[in-house]
Amino acid sequence: GGTQSAVRSDRFRDARSSLQGNGERERLSTLIRFAHLSDWHATTLRGAGLAAWRGKRLSGYASWLLSRRRHHSPAILDAAIRDVRAQGLDRILVTGDLTHISLPAEFEAARLHLERLGPPDQVFLVPGNHDCYVEVEPEQGWDHWADYLRGQSPGELRRLDAELAAVLVELP
C-alpha cells in the first residue's frame, strides 16, 4: 500500500553490464526507464453525501473515515508526480487503487492526476479493486480514464514487450 515510486534504471544498467558476450550486450543496449505508482487512493470523500453510505460503499467509507484518509495524502501524490516527471522516464505504470469507493467524483479527480502525470502514450494504467468497488456507469467511471486504458498500438506493444522481456530475463 501507499504511493510508491521506483526508478529501475540502475538495476537494468547493472544487469546489462554484468552479462557476457557481445550478442547479449547488444540485445540489452536499450535502457528502459520507468516508474511504478500504486495504491494512491488520493481522492477525498469529504462531502460525498448519501451515495457513500449505500451498499458496499458503507464499509469503504468507514475505512476511509477511520484510517485511510490519514495514510493516503494528495500532497504525497503531488510530490511523487513532481518527482516522477522530473526523472525524464520512458514509461510510467500506474496500478490501482486510484479511488476509495468508486464514486463518480473520484474518477474525475483521478483523471486529473493521470493528466498531470503524463500523456496516455507514456502512462499505462491498470485499475485496482477499489476502482471497481461497485458498479458505476462507464461515463461516470472508467470512461474518464479511457485514453490511459487503451495502451499502445499492437506493434508498439510487441516491441516494448520484447525489449522489457529481454531485460527482465537477464536480471538476477
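Bear in mind that the values here come from a model prediction, so they are computed numbers and not experimental data.

Participant: Looking at this structure, how should I read the pairing of strand β2 (residues 91-95)?
Facilitator: Residues in a regular strand point their side chains to alternate faces of the sheet. Bridge count for strand β1 (residues 34-38) against β2 is five bridges, and the pairing is parallel. Bridge pairing in β2 links H36 to L93. In this structure, β2 lies alongside strand β3 (residues 123-126), joined through four bridges in parallel fashion. Considered in β3, the bridge of T95 is made with V126.

Participant: What should I look at first to understand helix α5 (residues 104-117) in this one?
Facilitator: Note that an α-helix has 3.6 residues per turn; residues three or four places apart therefore point the same way. The end-to-end C-alpha distance of α5, which contains 14 residues, comes to 20 Å, matching closely the 20 Å that a straight helix rising 1.5 Å per residue would cover. Structurally, α5 contributes buried residues whose contacts are with β1, α4 (74-86), β2, β3 and α6 (146-149).

Participant: Please clarify how a negative patch on the surface should be interpreted in this entry.
Facilitator: Together, E135, E137, E139 and D143 line one region of the surface with negative charge. Tracing the backbone shows E137 in the loop between β3 and α6.

Participant: Can you help me understand the nonpolar core in this one?
Facilitator: Where a protein is soluble and globular, its nonpolar side chains tend to be buried together. With 21 residues, the main nonpolar core has W40, V94, L98, L114 and L117 as its most contacted residues. Of all elements in the fold, only β1, α4, β2, α5 and β3 reach the threshold of two or more residues within this core. Discounting residues that sit within four places of it in the chain, L117 has contacts with L37, W40, I81, V84, R85, I92, V94 and V123. Ranked by size, the runner-up nonpolar core spans six residues in total, among them L45, W64, L103 and Y133.

Participant: Where do I start with α4 in this structure?
Facilitator: In this model, α4 (13 residues) spans 18 Å end to end at C-alpha, consistent with the 18 Å of a helix rising 1.5 Å per residue. Within the sequence span of α4, burial applies to L77, A80, I81 and V84. All buried residues of α4 lie within an arc of 100° about the axis, which places them on one face of the element. For α4, the exposed residues lying more than 90 degrees away from the buried face are A75, R82 and A86. In the core, the buried residues of α4 are packed alongside β1, β2 and α5. One side-chain oxygen at the N-terminal end of α4 lies 3.1 Å from the backbone nitrogen of A75; it belongs to S73. One or two positions beyond α4, positive phi appears at G88, with a value near 60°.

Participant: Is there a simple way to explain the side chain of D39 in this structure?
Facilitator: Relative to the assigned elements, D39 resides in the loop between β1 and α3 (57-71). We note that D39 is buried and unpaired, the nearest opposite charge coming from R68 at a distance of 8.5 Å. Within polar-contact distance, the side chain of D39 engages the side chain of S38 at 2.7 Å.

Conventions adopted
- Residues numbered from 1 in each chain as written.
- Predicted model: local features only at pLDDT ≥ 70, side-chain atom pairs only at ≥ 80, totals over all residues.
- Heavy atoms only, no water.
- Pairing = 2+ DSSP bridges.
- Helix = DSSP H or I, 4+ residues; strand = E, 2+ residues; numbered from the N terminus.
- Expected span 1.5 Å × (residues − 1).
- Contact = heavy atoms within 4.5 Å.
- Patch = residues over 30% accessible without salt bridge, like charges linked within 9 Å, V, L, I, M, F, W, Y side chains within 5 Å.
- Areas by Shrake-Rupley, 256 points an atom, 1.4 Å probe, with all protein chains shown as cover.
- Salt bridge = Lys/Arg side-chain N within 4 Å of Asp/Glu carboxyl O.
- Lys, Arg positive; Asp, Glu negative; His and termini not counted.
- Charge placed at Lys NZ, Arg CZ, Asp CG, Glu CD.
- Core = buried A, V, L, I, M, F, W, Y, C linked by side-chain atoms within 4.5 Å.
- Buried < 20%, exposed > 50% of the residue type's maximum accessible area, 1.4 Å probe, protein only.
- Arc of directions from axis to C-beta.
- Polar contact = N/O pair within 3.5 Å; in protein donor to acceptor, adjacent residues only side chain to side chain.

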